[in-house]
Amino acid sequence: MPALPPLNPPIRTLLGPGPSDIHPRVLAAMARPTVGHLDPYYLQVMDKVQGGLRELFRTTNRMTFAVSGTGSAGMEATVVNLIEPGDAMIVGVNGVFGGRMTDVAERAGAKVTKIERPWGEVFTPEEVQKAVDAVKPKVVGIVMAETSTGAYQPIEEIAKIVHDAGALLLVDAVTSLGGVPVEVDKWGIDAIYSGTQKCLSCPPGLAPVSFNQRAMDVILGRKTKVQSWYLDVTMLANYWGSDRVYHHTAPINMSYGLYEAVSIILEEGLDACFARHALNHRALKAGLAAIGIKYAAQEGYQLPMLNAVHVPAGVDEAKVRSDLLNRFGIEIGAGLGAFKGKVWRIGLMGYGARPANVYLVLSALEQLLAEQGCKFEAGASVAAASEVYRG
Ligand SMILES: *Cc1c(COP(=O)(O)O)cnc(C)c1O
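Conventions and cut-offs
Residues numbered from 1 in each chain as written. Predicted model: local features only at pLDDT ≥ 70, side-chain atom pairs only at ≥ 80, totals over all residues. Heavy atoms only, no water. Axes fitted to C-alpha atoms, helices over the stretch in contact; angles between N-to-C directions. Helix = DSSP H or I, 4+ residues; strand = E, 2+ residues; numbered from the N terminus. Parallel < 35°, antiparallel > 145°, perpendicular 65-115°, else oblique. Left-handed = near helix turned anticlockwise from the far one by under 90°. Contact = heavy atoms within 4.5 Å. Nonpolar A, V, L, I, M, F, W, Y, C, P; charged D, E, K, R; others polar. Near = heavy atom within 4 Å. Polar contact = N/O pair within 3.5 Å; in protein donor to acceptor, adjacent residues only side chain to side chain. Buried < 20%, exposed > 50% of the residue type's maximum accessible area, 1.4 Å probe, protein only. Pairing = 2+ DSSP bridges. UniProt positions renumbered as here; feature names shortened; annotations may be inferred. Salt bridge = Lys/Arg side-chain N within 4 Å of Asp/Glu carboxyl O.

Engineer: What's the story with the packing of helix α5 (residues 125-135) against helix α6 (residues 156-164) in this structure? I'm lost.
Structural biologist: Angle between the axes and distance between the axes are the two parameters that describe a pair of packed helices. Running from N to C, α5 and α6 cross one another at 15°; their axes reach a closest spacing of 9 Å. Compared by their axis directions, α5 and α6 come out roughly parallel. As for the relative orientation of α5 and α6, their crossing is right-handed in sense. The segment α5 lies against α6, with Pro125, Val128 and Gln129 engaging Glu157, Ile158, Ile161 and Val162. Considering only residue class, the contact of α5 with α6 consists of 5 nonpolar, 1 polar and 1 charged.

Given below as C-alpha coordinates:
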(Lines give C-alpha, C1' and ligand atoms only; values in the text may rest on other atoms or scores of the structure.)
Protein backbone atom coordinates (compact mmCIF):
# COMPACT_ATOMS: atom_id res chain seq x y z
CA MET A 1 0.00 0.00 0.00
CA PRO A 2 1.39 3.43 -0.89
CA ALA A 3 1.82 5.99 1.88
CA LEU A 4 -1.31 7.86 2.85
CA PRO A 5 -1.85 11.15 1.05
CA PRO A 6 -0.29 14.12 2.84
CA LEU A 7 -2.35 15.31 5.77
CA ASN A 8 -3.64 18.70 4.82
CA PRO A 9 -6.63 19.77 6.88
CA PRO A 10 -8.37 22.87 5.56
CA ILE A 11 -8.18 26.04 7.60
CA ARG A 12 -11.64 26.69 8.97
CA THR A 13 -13.20 29.28 11.17
CA LEU A 14 -14.94 27.14 13.77
CA LEU A 15 -18.05 29.00 14.87
CA GLY A 16 -20.15 26.01 15.83
CA PRO A 17 -20.92 24.30 19.13
CA GLY A 18 -17.39 22.95 19.45
CA PRO A 19 -14.65 22.26 18.81
CA SER A 20 -14.03 25.98 18.67
CA ASP A 21 -11.07 27.71 17.07
CA ILE A 22 -7.83 26.78 18.80
CA HIS A 23 -5.56 29.55 19.97
CA PRO A 24 -2.31 29.38 17.93
CA ARG A 25 -0.28 29.42 21.14
CA VAL A 26 -2.11 26.28 22.27
CA LEU A 27 -1.30 24.44 19.05
CA ALA A 28 2.34 25.51 19.35
CA ALA A 29 2.47 24.32 22.97
CA MET A 30 1.19 20.91 21.91
CA ALA A 31 4.08 20.48 19.50
CA ARG A 32 6.66 20.72 22.32
CA PRO A 33 8.70 17.60 23.21
CA THR A 34 6.87 14.79 24.93
CA VAL A 35 8.32 13.82 28.32
CA GLY A 36 7.43 10.84 30.48
CA HIS A 37 4.23 11.01 32.50
CA LEU A 38 6.22 10.82 35.77
CA ASP A 39 9.04 13.08 34.58
CA PRO A 40 9.71 15.82 37.14
CA TYR A 41 8.96 18.37 34.43
CA TYR A 42 5.58 16.82 33.71
CA LEU A 43 4.71 16.67 37.41
CA GLN A 44 5.26 20.43 37.52
CA VAL A 45 3.02 20.85 34.49
CA MET A 46 0.30 18.86 36.28
CA ASP A 47 0.62 21.03 39.39
CA LYS A 48 0.38 24.20 37.37
CA VAL A 49 -2.60 22.91 35.39
CA GLN A 50 -4.37 22.03 38.64
CA GLY A 51 -3.64 25.46 40.07
CA GLY A 52 -4.88 27.15 36.90
CA LEU A 53 -8.05 25.07 36.80
CA ARG A 54 -8.79 26.05 40.40
CA GLU A 55 -8.64 29.69 39.29
CA LEU A 56 -10.97 29.00 36.35
CA PHE A 57 -13.46 27.13 38.53
CA ARG A 58 -12.96 29.69 41.32
CA THR A 59 -12.38 26.97 43.88
CA THR A 60 -9.85 25.78 46.41
CA ASN A 61 -10.95 22.16 45.94
CA ARG A 62 -7.94 19.88 46.21
CA MET A 63 -9.54 17.36 43.84
CA THR A 64 -9.40 19.57 40.79
CA PHE A 65 -7.76 17.98 37.77
CA ALA A 66 -8.20 17.02 34.13
CA VAL A 67 -9.77 13.68 33.24
CA SER A 68 -8.16 12.08 30.19
CA GLY A 69 -11.05 12.23 27.77
CA THR A 70 -13.49 14.74 26.31
CA GLY A 71 -16.27 16.55 28.13
CA SER A 72 -18.42 13.43 28.12
CA ALA A 73 -15.69 11.62 30.06
CA GLY A 74 -15.93 14.40 32.64
CA MET A 75 -19.67 13.78 32.82
CA GLU A 76 -19.11 10.08 33.24
CA ALA A 77 -16.33 10.58 35.81
CA THR A 78 -18.46 12.76 38.07
CA VAL A 79 -21.56 10.59 37.77
CA VAL A 80 -19.97 7.18 38.28
CA ASN A 81 -18.05 8.35 41.34
CA LEU A 82 -21.07 9.91 43.06
CA ILE A 83 -23.66 7.28 42.16
CA GLU A 84 -24.00 3.77 43.55
CA PRO A 85 -26.59 1.36 42.18
CA GLY A 86 -30.05 2.27 43.48
CA ASP A 87 -29.21 5.90 44.36
CA ALA A 88 -31.84 8.50 43.57
CA MET A 89 -30.78 11.27 41.23
CA ILE A 90 -32.64 14.19 39.66
CA VAL A 91 -31.51 15.40 36.26
CA GLY A 92 -32.71 18.56 34.55
CA VAL A 93 -33.45 17.78 30.91
CA ASN A 94 -34.07 20.73 28.58
CA GLY A 95 -31.80 19.69 25.73
CA VAL A 96 -29.35 17.05 24.54
CA PHE A 97 -26.89 17.12 27.40
CA GLY A 98 -29.37 16.68 30.24
CA GLY A 99 -30.58 13.67 28.26
CA ARG A 100 -27.04 12.35 28.03
CA MET A 101 -26.50 12.82 31.76
CA THR A 102 -29.66 10.78 32.40
CA ASP A 103 -28.34 7.96 30.24
CA VAL A 104 -24.93 8.00 31.94
CA ALA A 105 -26.56 8.01 35.40
CA GLU A 106 -28.95 5.17 34.58
CA ARG A 107 -26.05 3.08 33.28
CA ALA A 108 -24.34 3.67 36.62
CA GLY A 109 -27.43 2.27 38.34
CA ALA A 110 -29.09 5.52 39.43
CA LYS A 111 -32.85 5.75 39.79
CA VAL A 112 -33.23 8.91 37.76
CA THR A 113 -36.13 11.31 38.04
CA LYS A 114 -36.10 13.73 35.14
CA ILE A 115 -37.41 17.25 35.44
CA GLU A 116 -38.13 18.60 32.00
CA ARG A 117 -38.47 21.91 30.26
CA PRO A 118 -39.13 22.69 26.62
CA TRP A 119 -35.97 23.21 24.59
CA GLY A 120 -34.59 26.72 24.99
CA GLU A 121 -36.08 27.27 28.45
CA VAL A 122 -34.39 27.06 31.86
CA PHE A 123 -35.46 25.60 35.21
CA THR A 124 -36.84 27.78 37.98
CA PRO A 125 -35.72 27.26 41.59
CA GLU A 126 -39.35 26.39 42.49
CA GLU A 127 -39.38 23.50 40.03
CA VAL A 128 -36.19 22.13 41.47
CA GLN A 129 -37.50 22.58 45.02
CA LYS A 130 -40.64 20.59 44.19
CA ALA A 131 -38.68 17.74 42.64
CA VAL A 132 -36.18 17.64 45.49
CA ASP A 133 -38.99 17.52 48.08
CA ALA A 134 -40.69 14.68 46.23
CA VAL A 135 -37.63 12.57 45.40
CA LYS A 136 -35.13 13.23 48.21
CA PRO A 137 -32.25 12.59 45.83
CA LYS A 138 -28.62 11.91 46.59
CA VAL A 139 -27.50 13.97 43.60
CA VAL A 140 -29.07 16.67 41.43
CA GLY A 141 -27.48 17.10 38.01
CA ILE A 142 -27.97 20.19 35.89
CA VAL A 143 -26.47 21.64 32.72
CA MET A 144 -25.35 25.22 33.09
CA ALA A 145 -24.84 26.01 29.40
CA GLU A 146 -27.09 23.77 27.28
CA THR A 147 -25.16 23.82 24.02
CA SER A 148 -28.02 22.26 22.08
CA THR A 149 -30.39 25.17 22.83
CA GLY A 150 -28.28 28.16 23.88
CA ALA A 151 -30.06 28.33 27.25
CA TYR A 152 -28.13 29.75 30.22
CA GLN A 153 -29.21 28.08 33.47
CA PRO A 154 -28.68 30.09 36.68
CA ILE A 155 -27.09 27.87 39.31
CA GLU A 156 -26.77 29.76 42.58
CA GLU A 157 -30.34 29.50 43.92
CA ILE A 158 -30.61 25.90 42.84
CA ALA A 159 -27.42 25.06 44.69
CA LYS A 160 -28.94 26.36 47.92
CA ILE A 161 -32.10 24.29 47.47
CA VAL A 162 -30.12 21.15 46.75
CA HIS A 163 -27.90 21.64 49.81
CA ASP A 164 -30.80 22.42 52.12
CA ALA A 165 -32.20 19.04 51.10
CA GLY A 166 -28.89 17.35 51.96
CA ALA A 167 -28.15 16.41 48.34
CA LEU A 168 -25.12 17.02 46.15
CA LEU A 169 -25.15 19.35 43.16
CA LEU A 170 -23.47 18.18 39.97
CA VAL A 171 -23.03 20.81 37.25
CA ASP A 172 -22.19 20.40 33.57
CA ALA A 173 -19.90 23.34 32.79
CA VAL A 174 -18.55 22.00 29.49
CA THR A 175 -19.56 25.06 27.52
CA SER A 176 -19.77 27.58 30.37
CA LEU A 177 -16.22 27.34 31.76
CA GLY A 178 -14.14 30.20 30.39
CA GLY A 179 -17.14 31.94 28.83
CA VAL A 180 -19.32 32.98 31.77
CA PRO A 181 -18.63 33.06 35.53
CA VAL A 182 -18.54 29.60 37.12
CA GLU A 183 -18.31 30.03 40.90
CA VAL A 184 -17.71 26.58 42.33
CA ASP A 185 -17.00 27.65 45.93
CA LYS A 186 -19.29 30.67 46.17
CA TRP A 187 -22.29 28.80 44.80
CA GLY A 188 -21.38 25.56 46.56
CA ILE A 189 -21.20 23.26 43.53
CA ASP A 190 -20.17 19.82 44.82
CA ALA A 191 -18.95 18.29 41.60
CA ILE A 192 -18.41 19.87 38.21
CA TYR A 193 -16.97 18.94 34.85
CA SER A 194 -15.96 20.78 31.72
CA GLY A 195 -14.13 20.13 28.46
CA THR A 196 -11.19 21.66 26.67
CA GLN A 197 -12.83 22.13 23.28
CA LYS A 198 -15.41 24.83 23.97
CA CYS A 199 -14.44 28.14 25.65
CA LEU A 200 -10.90 27.05 26.56
CA SER A 201 -9.75 27.24 22.89
CA CYS A 202 -7.94 23.94 23.17
CA PRO A 203 -8.56 20.77 21.12
CA PRO A 204 -10.94 18.13 22.46
CA GLY A 205 -9.21 15.61 24.71
CA LEU A 206 -9.27 16.64 28.37
CA ALA A 207 -12.09 17.21 30.83
CA PRO A 208 -11.37 19.54 33.76
CA VAL A 209 -13.28 18.36 36.85
CA SER A 210 -13.53 19.40 40.47
CA PHE A 211 -14.98 17.69 43.55
CA ASN A 212 -15.41 19.46 46.88
CA GLN A 213 -14.87 17.80 50.26
CA ARG A 214 -18.57 16.96 50.64
CA ALA A 215 -18.45 15.07 47.36
CA MET A 216 -15.16 13.38 48.26
CA ASP A 217 -16.58 12.27 51.62
CA VAL A 218 -19.51 10.68 49.82
CA ILE A 219 -17.12 8.96 47.40
CA LEU A 220 -14.81 7.74 50.17
CA GLY A 221 -17.84 6.37 52.03
CA ARG A 222 -19.11 4.28 49.10
CA LYS A 223 -20.20 0.71 49.81
CA THR A 224 -19.43 -0.44 46.27
CA LYS A 225 -16.41 0.07 44.07
CA VAL A 226 -16.71 2.76 41.41
CA GLN A 227 -18.03 0.96 38.35
CA SER A 228 -15.30 2.44 36.11
CA TRP A 229 -11.69 1.57 36.78
CA TYR A 230 -10.40 4.33 34.51
CA LEU A 231 -12.49 7.09 36.07
CA ASP A 232 -12.27 6.14 39.76
CA VAL A 233 -11.26 9.42 41.43
CA THR A 234 -9.85 7.73 44.50
CA MET A 235 -7.27 6.09 42.24
CA LEU A 236 -6.81 9.22 40.15
CA ALA A 237 -6.20 11.14 43.39
CA ASN A 238 -3.08 9.07 43.93
CA TYR A 239 -1.75 10.14 40.54
CA TRP A 240 -2.78 13.82 40.63
CA GLY A 241 -2.11 14.12 44.37
CA SER A 242 1.24 14.07 46.12
CA ASP A 243 1.77 10.30 45.80
CA ARG A 244 2.16 10.31 42.01
CA VAL A 245 1.29 6.65 41.66
CA TYR A 246 1.05 5.44 38.07
CA HIS A 247 -2.57 5.01 37.09
CA HIS A 248 -2.71 5.57 33.34
CA THR A 249 -0.41 7.42 31.00
CA ALA A 250 -1.70 10.98 30.90
CA PRO A 251 -1.92 12.54 27.42
CA ILE A 252 1.20 14.63 27.90
CA ASN A 253 0.92 16.95 24.92
CA MET A 254 -2.78 17.56 25.55
CA SER A 255 -1.75 18.71 29.01
CA TYR A 256 0.66 21.17 27.41
CA GLY A 257 -2.26 22.47 25.37
CA LEU A 258 -4.47 22.87 28.43
CA TYR A 259 -1.59 24.49 30.32
CA GLU A 260 -1.25 27.13 27.63
CA ALA A 261 -5.01 27.56 27.26
CA VAL A 262 -5.47 28.18 30.98
CA SER A 263 -2.50 30.50 31.01
CA ILE A 264 -3.94 32.58 28.15
CA ILE A 265 -7.23 33.02 30.02
CA LEU A 266 -5.49 33.99 33.24
CA GLU A 267 -3.33 36.51 31.37
CA GLU A 268 -6.43 38.14 29.97
CA GLY A 269 -8.17 37.93 33.35
CA LEU A 270 -11.37 35.99 33.92
CA ASP A 271 -13.61 39.03 34.19
CA ALA A 272 -12.18 40.57 31.01
CA CYS A 273 -12.65 37.24 29.27
CA PHE A 274 -16.33 37.08 30.29
CA ALA A 275 -16.84 40.71 29.25
CA ARG A 276 -15.34 39.94 25.83
CA HIS A 277 -17.71 37.01 25.34
CA ALA A 278 -20.67 39.20 26.38
CA LEU A 279 -19.71 42.06 24.06
CA ASN A 280 -19.24 39.89 20.99
CA HIS A 281 -22.52 38.13 21.73
CA ARG A 282 -24.34 41.48 21.90
CA ALA A 283 -22.81 42.56 18.60
CA LEU A 284 -23.78 39.28 16.92
CA LYS A 285 -27.28 39.43 18.34
CA ALA A 286 -27.78 43.00 17.12
CA GLY A 287 -26.47 42.05 13.69
CA LEU A 288 -28.75 39.04 13.41
CA ALA A 289 -31.75 41.05 14.61
CA ALA A 290 -31.10 43.58 11.84
CA ILE A 291 -31.65 40.86 9.24
CA GLY A 292 -34.67 39.37 11.00
CA ILE A 293 -33.02 36.44 12.81
CA LYS A 294 -34.29 35.65 16.30
CA TYR A 295 -32.86 33.65 19.17
CA ALA A 296 -34.23 30.24 20.11
CA ALA A 297 -33.50 30.37 23.84
CA GLN A 298 -35.65 32.15 26.41
CA GLU A 299 -35.06 35.94 26.49
CA GLY A 300 -32.90 36.87 29.48
CA TYR A 301 -31.34 33.39 29.60
CA GLN A 302 -29.26 33.33 26.44
CA LEU A 303 -25.69 32.13 26.43
CA PRO A 304 -23.08 34.52 25.07
CA MET A 305 -20.88 31.76 23.67
CA LEU A 306 -23.58 29.71 21.96
CA ASN A 307 -26.10 31.59 19.87
CA ALA A 308 -28.95 29.28 18.87
CA VAL A 309 -31.11 31.12 16.35
CA HIS A 310 -34.21 30.33 14.30
CA VAL A 311 -33.67 29.68 10.60
CA PRO A 312 -35.74 32.27 8.68
CA ALA A 313 -38.87 30.91 6.98
CA GLY A 314 -38.30 29.56 3.50
CA VAL A 315 -34.53 29.22 3.85
CA ASP A 316 -32.76 25.94 3.04
CA GLU A 317 -30.82 25.74 6.30
CA ALA A 318 -28.52 22.89 5.25
CA LYS A 319 -27.52 24.74 2.09
CA VAL A 320 -26.62 27.83 4.10
CA ARG A 321 -24.41 25.73 6.36
CA SER A 322 -22.71 23.94 3.50
CA ASP A 323 -22.21 27.22 1.60
CA LEU A 324 -20.74 28.81 4.72
CA LEU A 325 -18.30 25.93 4.95
CA ASN A 326 -17.45 25.48 1.29
CA ARG A 327 -17.39 29.08 0.15
CA PHE A 328 -16.30 30.92 3.28
CA GLY A 329 -14.57 28.26 5.39
CA ILE A 330 -16.94 28.92 8.28
CA GLU A 331 -18.43 26.12 10.34
CA ILE A 332 -21.65 26.72 12.27
CA GLY A 333 -23.77 24.07 13.94
CA ALA A 334 -27.07 22.51 12.92
CA GLY A 335 -29.98 22.06 15.28
CA LEU A 336 -30.23 18.81 17.21
CA GLY A 337 -33.28 16.89 18.42
CA ALA A 338 -36.31 19.16 18.74
CA PHE A 339 -34.36 21.90 16.94
CA LYS A 340 -33.25 19.78 13.98
CA GLY A 341 -33.74 21.67 10.72
CA LYS A 342 -35.08 24.71 12.57
CA VAL A 343 -32.11 26.25 14.33
CA TRP A 344 -28.51 27.23 13.64
CA ARG A 345 -25.99 27.29 16.44
CA ILE A 346 -23.34 29.96 16.16
CA GLY A 347 -20.52 29.60 18.66
CA LEU A 348 -18.39 32.50 19.82
CA MET A 349 -16.20 30.54 22.17
CA GLY A 350 -12.86 31.43 23.69
CA TYR A 351 -10.39 32.59 21.04
CA GLY A 352 -13.27 32.54 18.56
CA ALA A 353 -15.14 35.26 20.45
CA ARG A 354 -13.81 38.32 18.66
CA PRO A 355 -15.11 41.07 16.39
CA ALA A 356 -13.41 39.70 13.25
CA ASN A 357 -15.50 36.53 13.51
CA VAL A 358 -18.72 38.42 14.24
CA TYR A 359 -18.24 40.54 11.11
CA LEU A 360 -17.20 37.51 9.07
CA VAL A 361 -20.18 35.34 9.92
CA LEU A 362 -22.67 38.21 9.62
CA SER A 363 -21.46 39.32 6.21
CA ALA A 364 -21.29 35.77 4.88
CA LEU A 365 -24.76 34.97 6.21
CA GLU A 366 -26.16 38.14 4.66
CA GLN A 367 -24.86 37.16 1.28
CA LEU A 368 -26.17 33.59 1.45
CA LEU A 369 -29.58 34.65 2.76
CA ALA A 370 -29.89 37.32 0.07
CA GLU A 371 -29.13 34.64 -2.54
CA GLN A 372 -32.00 32.61 -1.11
CA GLY A 373 -34.39 35.52 -1.48
CA CYS A 374 -34.44 36.99 2.03
CA LYS A 375 -35.20 40.70 2.06
CA PHE A 376 -33.25 43.16 4.17
CA GLU A 377 -31.13 46.20 3.65
CA ALA A 378 -27.70 45.18 2.40
CA GLY A 379 -25.07 45.63 5.10
CA ALA A 380 -27.66 46.02 7.86
CA SER A 381 -26.24 43.29 10.08
CA VAL A 382 -22.67 44.54 9.96
CA ALA A 383 -23.83 48.10 10.64
CA ALA A 384 -25.83 46.97 13.68
CA ALA A 385 -22.89 44.99 15.07
CA SER A 386 -20.61 47.92 14.49
CA GLU A 387 -22.94 50.15 16.47
CA VAL A 388 -22.64 47.79 19.45
CA TYR A 389 -18.84 47.86 19.26
CA ARG A 390 -18.82 51.66 19.07
CA GLY A 391 -20.77 51.56 22.33
C1 LIG B 1 -19.90 19.42 24.22
C2 LIG B 1 -20.67 19.15 25.46
C3 LIG B 1 -20.55 17.95 26.17
C4 LIG B 1 -19.74 16.80 25.67
O5 LIG B 1 -18.43 17.11 25.46
P6 LIG B 1 -17.54 16.24 24.43
O7 LIG B 1 -16.25 16.97 24.47
O8 LIG B 1 -18.25 16.32 23.12
O9 LIG B 1 -17.46 14.88 24.95
C10 LIG B 1 -21.26 17.82 27.35
N11 LIG B 1 -22.05 18.81 27.82
C12 LIG B 1 -22.20 19.97 27.15
C13 LIG B 1 -23.08 21.04 27.71
C14 LIG B 1 -21.53 20.17 25.96
O15 LIG B 1 -21.68 21.32 25.29
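Engineer: Mind showing me how you'd approach the site of the ligand here?
Structural biologist: The full set close to the ligand counts 13 residues, and Thr70, Ser72, Thr147, Gln197 and Lys198 are the nearest of them. Here a nitrogen atom of the ligand and a side-chain polar atom of Asp172 are 2.7 Å apart. Between Gln197 and the ligand, the recorded distance is 2.6 Å, taken from a side-chain N or O atom to an oxygen atom. At the level of elements, α3 (71-82) and α4 (96-107) are the ones that each hand at least two residues to the shell around the ligand. Its residues assigned to classes, the shell around the ligand shows 4 nonpolar, 6 polar and 3 charged.

Engineer: Could you clarify how one ought to interpret the pairing of strand β14 (residues 343-347) in this entry?
Structural biologist: Regular strands place their side chains on alternate faces of the sheet. Of all 5 residues making up β14, 5 are buried, and the element is well covered by its neighbours. Covered by surrounding structure in β14 are Val343, Arg345 and Gly347 together with Trp344 and Ile346, the residues of both alternating faces. Bridging between strand β11 (residues 306-310) and β14 involves 5 bridges; their strand directions are antiparallel. Across the sheet, Val309 pairs through a bridge with Trp344, a residue of β14. Where strand β13 (residues 333-334) and β14 come together, 2 bridges link them in antiparallel fashion. Along β14, the bridge assignment pairs Gly333 with Arg345.

Engineer: In this structure, what is going on with the UniProt feature "domain: Aminotransferase class V" (unreviewed entry) in the chain? I would like to understand it.
Structural biologist: Mapped onto this numbering, the UniProt entry annotates "domain: Aminotransferase class V" (unreviewed entry) at residues 34-335. Secondary structure within residues 34-335 divides into 44% helix and 17% strand; the distance between the first and last C-alpha atoms comes to 39 Å.

Engineer: I'm lost on the pattern of salt bridges in this one. Help?
Structural biologist: Close approach of charged atoms allows side chains of opposite charge to pair. In this structure the tally under the stated criterion is 17 salt bridges. Note that Arg58 and Glu183 form a salt bridge whose closest N and O atoms lie 2.9 Å from each other. Placement of Arg58 in the loop between α2 (40-57) and β2 (63-68) and of Glu183 in the loop between β8 (168-172) and α7 (184-187) is noted, with a sequence separation of 125 residues between them. Arg58 sits in the partly exposed class, given a relative accessible area of 26%. Among the salt bridges present, the one from Arg276 reaches Glu268, with a minimum N-O distance of 2.7 Å. The partly exposed category is assigned to Glu268, whose relative accessible area is 32%. Three or more residues are tied together by salt bridges with common partners; here these are Lys319, Asp323, Arg327 and Glu371.

Engineer: In this structure, what is going on with the side chain of Thr59? I would like to understand it.
Structural biologist: Inspection of the secondary structure puts Thr59 in the loop between α2 and β2. Note on Thr59: relative accessible area 7%, which makes it buried. In this structure, Thr59 is in contact with Arg54, Thr64, Val184, Asp185 and Ser210, ignoring residues within four places of it in sequence.

Engineer: Is there a simple way to think about the UniProt feature "modified residue: N6-(pyridoxal phosphate)lysine" (unreviewed entry) in the chain in this case?
Structural biologist: Under the feature "modified residue: N6-(pyridoxal phosphate)lysine" (unreviewed entry), the UniProt entry names Lys198. Locating Lys198 in the fold gives a position in the loop between β9 (191-193) and β10 (206-211). Among the residues examined, Lys198 registers a relative accessible area of 7% and is labelled buried. Contacts of Lys198, omitting those with residues within four sequence positions, involve Pro17, Gly18, Ser20, Thr147, Val174, Thr175 and Met349.

Engineer: Is there a simple way to think about the side chain of Gln153 in this case?
Structural biologist: Within the secondary structure, Gln153 sits in the loop between β7 (151-152) and α6. Setting aside residues no more than four positions away along its own chain, Gln153 makes contact with Asn94, Val122, Phe123, Ile142, Val143, Met144 and Ile158.

Engineer: How do you make sense of the environment of Glu299 when you look at a structure like this?
Structural biologist: Its place among the elements puts Glu299 in the loop between α11 (270-290) and β11. In this structure the C-alpha to C-alpha distance between Glu299 and Ala151, which are 148 residues apart in sequence, comes to 9.1 Å.

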